[in-house]
Amino acid sequence: MKGRLRAVPLGDGPHRGAHVAPGAPRAIEEWSGTEWQLVGVVENLAAAQALLYPPPPVQDKPAEWDRPSTALREGPGRHRKPTP
């Protein structure tokens, strides 16, 4: 779990759910293995979510494999229906 990040709302009172006061600044903390250490401060919930949950990298679609034209030729094959 070392290296795990969390966003804590900055403000008075006890910690509440992330959806409470979405415009409030957030402290970004990292778990060191024994305690939470301050890493930085962001301006609101949306910025904290963007930092904690970055979008997955876009993977390039692999190139289509070009089959040789003989792979789909006519004729009797092992798995082809016989002609009536």
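Reading the values: the criteria
Residues numbered from 1 in each chain as written. Predicted model: local features only at pLDDT ≥ 70, side-chain atom pairs only at ≥ 80, totals over all residues. Heavy atoms only, no water. Patch = residues over 30% accessible without salt bridge, like charges linked within 9 Å, V, L, I, M, F, W, Y side chains within 5 Å. Areas by Shrake-Rupley, 256 points an atom, 1.4 Å probe, with all protein chains shown as cover. Salt bridge = Lys/Arg side-chain N within 4 Å of Asp/Glu carboxyl O. Helix = DSSP H or I, 4+ residues; strand = E, 2+ residues; numbered from the N terminus. Pairing = 2+ DSSP bridges. Buried < 20%, exposed > 50% of the residue type's maximum accessible area, 1.4 Å probe, protein only. Arc of directions from axis to C-beta. Contact = heavy atoms within 4.5 Å. Polar contact = N/O pair within 3.5 Å; in protein donor to acceptor, adjacent residues only side chain to side chain.

*Asks:* Could you clarify how one ought to interpret a nonpolar patch on the surface in this entry?
*Replies:* Taken together, Leu10, Leu38 and Val41 make up a surface patch of nonpolar side chains, about 290 Å² in accessible area. Looking at the secondary structure, you find Val41 in strand β3 (residues 36-42).

*Asks:* I'm lost on the pairing of β3 in this one. Help?
*Replies:* Taken residue by residue, a regular strand's side chains alternate between the two faces of the sheet. Where strand β2 (residues 26-31) and β3 come together, six bridges link them in antiparallel fashion. Bridge pairing in β3 links Glu30 to Gln37. The antiparallel pairing of β2 with β3 creates a hairpin that spans four residues between the two strands, and Gly33 there sits at a positive phi of about 110°.

*Asks:* Quick question: what am I supposed to make of helix α1 (residues 45-52) here?
*Replies:* For an α-helix, 3.6 residues make a turn, and residues three or four places apart therefore share a direction. Among the residues of α1, Leu45, Ala47 and Ala48 are the ones counted as buried. All buried residues of α1 lie within an arc of 160° about the axis, which places them on one face of the element. Close packing links the buried residues of α1 with β1 (5-9), β2 and β3. Where α1 begins, the side chain of Asn44 points an oxygen toward the backbone nitrogen of Ala46, at a separation of 3.4 Å.

*Asks:* Can you help me understand the side chain of Glu29 in this one?
*Replies:* Checked against the element boundaries, Glu29 lands in strand β2. Of the polar contacts made by the side chain of Glu29, one reaches the side chain of Arg6; its length is 2.8 Å. What Glu29 contacts, discounting residues up to four positions off in sequence, is Arg4, Leu5, Arg6, Val8, Trp36, Gln37, Leu38 and Val39.

*Asks:* I tried to follow the pattern of salt bridges on my own but got confused; where do I start?
*Replies:* Between side chains of opposite charge, pairing is possible as soon as their charged atoms come close. Inspection of the entire model under this criterion finds one salt bridge. Note that Glu29 and Arg6 form a salt bridge whose closest N and O atoms lie 2.8 Å from each other. In this pair, Glu29 is assigned in strand β2 and Arg6 in strand β1, connecting sequence segments 23 residues apart. Note on Arg6: relative accessible area 30%, which makes it partly exposed.

*Asks:* What is the right way to look at the environment of His19 in this model?
*Replies:* Counting through the fold element by element, His19 comes out in the loop between β1 and β2. His19 sits in the exposed class, given a relative accessible area of 66%. When the C-alpha atoms of His19 and Leu45 are compared, they prove to be 8.0 Å apart, with 26 residues separating the residues in sequence.

*Asks:* Where do I start with unusual backbone geometry in this structure?
*Replies:* Only a minority of non-glycine residues have a phi that is not negative, and only a minority of peptide bonds are not trans. In this structure, Ala21 takes a positive phi of about 55° despite not being glycine. Structurally, Ala21 can be placed in the loop between β1 and β2. On the basis of relative accessible area, Ala21 is assigned to the partly exposed category, the value being 42%.

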